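Given next are the chains, with one letter for each unit.
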Amino acid sequence: MHSIAIHGGAGTLPRTALTPDREAAYRVGLSSALDAGFAVLEAGGSSIDAVATAVRILEDDPLFNAGRGAVLTIEGTVELDASIMDGRNLAAGAVAGVSQVRNPVALARAVMDHSPHVMLIGTGAEAFARTRDIELVTNDYFKTEARREQLRRMLGGGAHPVNELSSLGTVGAVACDKAGNLAAATSTGGMTGKRCGRVGDSPIIGAGTYADNASCAVSATGHGEFFIRTAVAHDICARVAYGGATLSQAVEAVVMKRLANMGAEGGVIAVDGNGRIVMRFNSEGMFRGARSSDGTQMIGIWPDREE
């Protein structure tokens, strides 16, 4: 069974805080990315192409905290992180602190495919982007008025509206293709008002992203510092590979117990080699979606159902 799951961030998101129009816009954005990624799988494409396609679409959607529409640093700039991993051979690529790359996931893919490295950062990553004809833009391209206002409120000591994923927003995708190969990708703008140079879990292989055909593929979203300390994505895969846990058991133990006990908020999407998808979050909501060749299709925001 081939399948794909995506997420658009997790955090505090009461139903009463989201207007019907805004909720509909989020659902459209999630559906567009989900359908594009699934179309790759349906056509016999690879899981790595599917996750790259889905994440790129989410990076271009200003509703989500990745690419255009990403949150601002304390200095009012945008610094982006992303990673991608191929479960067939554990190949991986990541970039951190880039400020001119329109689609960081595309650059992470280029690092994986066309360099001997796993992670490149900042201006060095952008110099590499020029050698691979990766599209570059000005930093202003990423900034939206909503994010500028969000930063102004933070610097002024104001409260964040509850319908903004100011600290925990991230996008990601995991997939299992027709050959049973797994892949994962994650992309983010980080935290509103973060110190310049701060890097969270999203570009760190084993923390925010991991994929191994021997176990599962995982993309995480949440309080990155905790996710780094607990190596969330790899921990889930290791529990499956070495501990004999099912994917659901592994995700439950890490997200709903280990992270929750630490006071860490967030969630993950995960898929195994049989195409089974698990999505869990200990926050109030998580933008997410899933499609499988068995006909399963869903878009969710709140814990309406247990996947």
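Participant: Run through the side chain of Asp81, naming residues and quoting values.
Facilitator: As for its position among the elements, Asp81 is in strand β2 (residues 80-86). The buried charged residue Asp81 lacks any salt bridge, with Lys194 as its nearest oppositely charged partner at 4.6 Å. Within the structure, Asp81 has its side chain in polar contact with the backbone nitrogen of Gly97 (distance 2.8 Å).

Participant: Any chance you could break down the sheet that holds strand β7 (residues 209-211) for me, citing the residues and the numbers?
Facilitator: Taken together, the four strands give an open sheet; going across it, the order is β7-β8-β9-β10, and neighbouring strands pair in antiparallel fashion. Unpaired on one side and paired on the other, β7 and β10 (277-281) mark the two borders of the sheet. Recorded for the sheet is a direction-independent mean angle of 10 degrees between the axes of neighbouring strands. Direction of pairing for β7 relative to strand β8 (residues 216-222): antiparallel, over a ladder of three bridges. Paired with Ala211 across the two strands is Ala217, which belongs to β8. Against the sheet, helix α7 (residues 232-241) contacts β7, β8 and β9 (266-272), and its axis sits at roughly 145 degrees relative to β8. This element, helix α8 (residues 247-262), spans β8, β9 and β10 of the sheet and lies at about 15 degrees to β10.

Participant: Lay out helix α3 (residues 104-114) with the relevant residues and their values.
Facilitator: Within α3, the full set of buried residues consists of Pro104, Val105, Leu107, Ala108, Ala110, Val111 and Met112. Buried residues in α3 make contact with α2 (47-60), β2, β3 (91-98), β4 (119-121), α4 (122-131) and β6 (182-188).

Procedures and definitions
Residues numbered from 1 in each chain as written. Predicted model: local features only at pLDDT ≥ 70, side-chain atom pairs only at ≥ 80, totals over all residues. Heavy atoms only, no water. Helix = DSSP H or I, 4+ residues; strand = E, 2+ residues; numbered from the N terminus. Buried < 20%, exposed > 50% of the residue type's maximum accessible area, 1.4 Å probe, protein only. Lys, Arg positive; Asp, Glu negative; His and termini not counted. Salt bridge = Lys/Arg side-chain N within 4 Å of Asp/Glu carboxyl O. Polar contact = N/O pair within 3.5 Å; in protein donor to acceptor, adjacent residues only side chain to side chain. Pairing = 2+ DSSP bridges. Axes fitted to C-alpha atoms, helices over the stretch in contact; angles between N-to-C directions. Contact = heavy atoms within 4.5 Å.

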